[in-house]
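Structural features, examined
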Amino acid sequence: MVSHPVQVIAVTGGKGGVGKSNVAVNLSIALSEMGRRVVLLDADLGLANVDILLGVSARRTIAEVLSGDATLLDVMVTGPGGIHIIPASSGTQSMVMLSAHEHAGLVQAFSSIAHQLDVLVIDTAAGISGMVTNFVQAAQEILLVVTNEPTSITDAYALLKILHQQQGTAHFRVLASMVRSHHEGQQLCNKLRGVAERFLDVTLEFEGIIPLDEHVRRAVARQRAYVEVFPKCPAAIATKALAKRVDQWPVRNRARGHIEFFIEQLCQTAEVL
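What you see is a predicted model; the values in this text were computed from it and never measured.

1. Focus on the overall build of the protein
The number of helices and strands found in the protein is 12 helices and 8 strands. Counting the 273 residues in the protein, one finds 56% classified as buried.

2. Thoughts on the packing of aromatic side chains
The description of an aromatic ring pair rests on the distance of the ring centres and on the angle between the ring planes. Applying the stated criterion across every chain, the model contains 0 aromatic pairs. The ring of W249 has R173 lying over it, and the distance from NZ or CZ to the ring centre is 4.1 Å.

3. Digging into the sheet that holds strand β8 (residues 203-211)
With mixed pairing, the 8 strands of this open sheet are ordered in space as β3-β4-β2-β5-β1-β6-β7-β8. The sheet is open, and its two borders are formed by β3 (77-78) and β8, each paired with just one other strand. Sheet topology places strand β1 (residues 7-12) next to strand β6 (residues 141-146); 4 bridges connect them, and they run parallel. In the sheet register, T12 faces β6, and the bridge partner there is L144. Along the sheet, helix α1 (residues 20-33) makes contact with β1, β2 (38-43), β5 (119-124), β6, β7 (171-179) and β8, crossing β5 at roughly 170°.

4. Regarding the pattern of salt bridges
Two side chains bearing opposite charge may form a pair once their charged atoms approach each other closely. Counted by the stated rule, this structure contains 11 salt bridges. Between D247 and R36 there is a salt bridge, with its nearest N and O atoms 2.7 Å apart. Note that D247 is positioned in helix α11 (residues 234-247) and R36 in the loop between α1 and β2, a separation of 211 residues in sequence. Between E207 and R173 there is a salt bridge, and its shortest N-O distance comes to 2.6 Å. You can see E207 sitting in strand β8 and its partner R173 sitting in strand β7, a full 34 residues away along the chain. When sorted by exposure, E207 lands in the same class as R173, which is buried. Linked by salt bridges that have partners in common, E141, R173, E205, E207 and R245 make up one network.

5. Brief notes about the environment of K15
Looking at where K15 falls in the secondary structure, it is placed in the loop between β1 and α1. Sequence spacing of K15 and V145 is 130 residues, and the spatial spacing of their C-alpha atoms is 9.0 Å. In contact with K15, not counting residues within four places along its chain, are A126, G127, E149, T151, S152 and D155.

6. Side note on the packing of α1 against α11
For the pair α1 and α11, interaxial distance at closest approach is 9 Å and the crossing angle is 65°. Judged by the angle between their axes, α1 and α11 are roughly perpendicular. Along this stretch, α1 crosses α11, giving a crossing that reads as right-handed. Contacts from N26, L27, A30, L31 and E33 of α1 reach α11 at T239, K240, L242, A243 and V246.

7. Things to note about the pairing of β7
Side-chain direction in a regular strand flips from residue to residue, so the side chains alternate between the two faces of the sheet. By the criterion of burial, β7 is predominantly enclosed, with 8 of the 9 residues buried. In terms of strand pairing, β6 meets β7 through 4 bridges, oriented parallel. What sits directly across from L143, in β7, is R173. Summarising the sheet, β7 and β8 pair through 7 bridges and their orientation is parallel. Its bridge partner lying in β8, R173 is registered against E205. As a crossover connection, the stretch from β7 through helix α8 (residues 182-199) into β8 is right-handed.

8. Considerations on the side chain of T12
Mapping T12 onto the fold places it in strand β1. Judged by relative accessible area, which is 0%, T12 ranks as buried. Among all residues touching T12, those that are not within four sequence positions of it are K20, T124, V132, V136, I142, L143, L144, V145 and L159.

9. Digging into the side chain of E184
Within the fold, E184 resides in helix α8. Here E184 is buried and forms no salt bridge, its nearest opposite-charge partner R180 lying at an N-O distance of 4.6 Å. Within the local environment of E184, its side chain forms a polar contact with the backbone nitrogen of R180, the two atoms lying 2.9 Å apart. Those residues in contact with E184 that lie beyond four places of it in its chain are N148 and V179.

Basis of the calculations
Residues numbered from 1 in each chain as written. Predicted model: local features only at pLDDT ≥ 70, side-chain atom pairs only at ≥ 80, totals over all residues. Heavy atoms only, no water. Helix = DSSP H or I, 4+ residues; strand = E, 2+ residues; numbered from the N terminus. Buried < 20%, exposed > 50% of the residue type's maximum accessible area, 1.4 Å probe, protein only. Phe/Tyr/Trp six-rings, centres within 6.5 Å; stacked < 30°, edge-to-face > 60°. Lys NZ or Arg CZ within 6 Å of the ring centre and 35° of its normal. Pairing = 2+ DSSP bridges. Contact = heavy atoms within 4.5 Å. Axes fitted to C-alpha atoms, helices over the stretch in contact; angles between N-to-C directions. Salt bridge = Lys/Arg side-chain N within 4 Å of Asp/Glu carboxyl O. Parallel < 35°, antiparallel > 145°, perpendicular 65-115°, else oblique. Left-handed = near helix turned anticlockwise from the far one by under 90°. Right-handed = clockwise from strand over helix to strand, strands pointing away. Lys, Arg positive; Asp, Glu negative; His and termini not counted. Polar contact = N/O pair within 3.5 Å; in protein donor to acceptor, adjacent residues only side chain to side chain.

Take it as geometry only, folks, not as evidence of what the structure does.
Structure below.
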């Protein structure tokens, strides 16, 4: 079966605590509310947290898909807004350790659901490990979540540098998280852009902000998505605006819009790193 084009978006940040998983979860729900068929892949193969954020029960994980004990349809959990979640599990092997049989099985697994989705959102792990760069490099679009803290900016730059130098990645989209205004977010992006474009041949596009909002913390405490439980809060409004922009992103290379291409790139990248 030949799949139709699927938008594959990696949500990453280089550093933990920047709100990356919250962005991935709430962006997925906002896209689903727009009528898009969305699958959210928890790609933190060492410390799964998407199911915890949403308070959903995951009986099976992607580890069982890799072992051949389950299909993706067996593993997927329905979340708020009608999104489908592919849960990870603590201690799952990294992509670099996949056998040829597991590699082929993963390609087949994703191919079998490609006709059922429009957008695949990947919530990567924190940090700049090979596991993170594997998923990010294989995606169509990279949404880099950054906060206005020196460690966040430094780690974001480190991730940009690794992806550019090792894989030639040259295009990134920047989302300023937990900032107080659009102006602060723009300044944050300009700060990162100034360093990145001076020393690396890359392009950074500013995709807006997710404002500092107490409703986000309250939603996390309730294990709910803020776009669902507080749909009119500032963070929810900003996330829905982001979803509308994401929906308009062009497919620069249509070959990359097929899910088989994503998995093949993911596995090939893992073999190189």
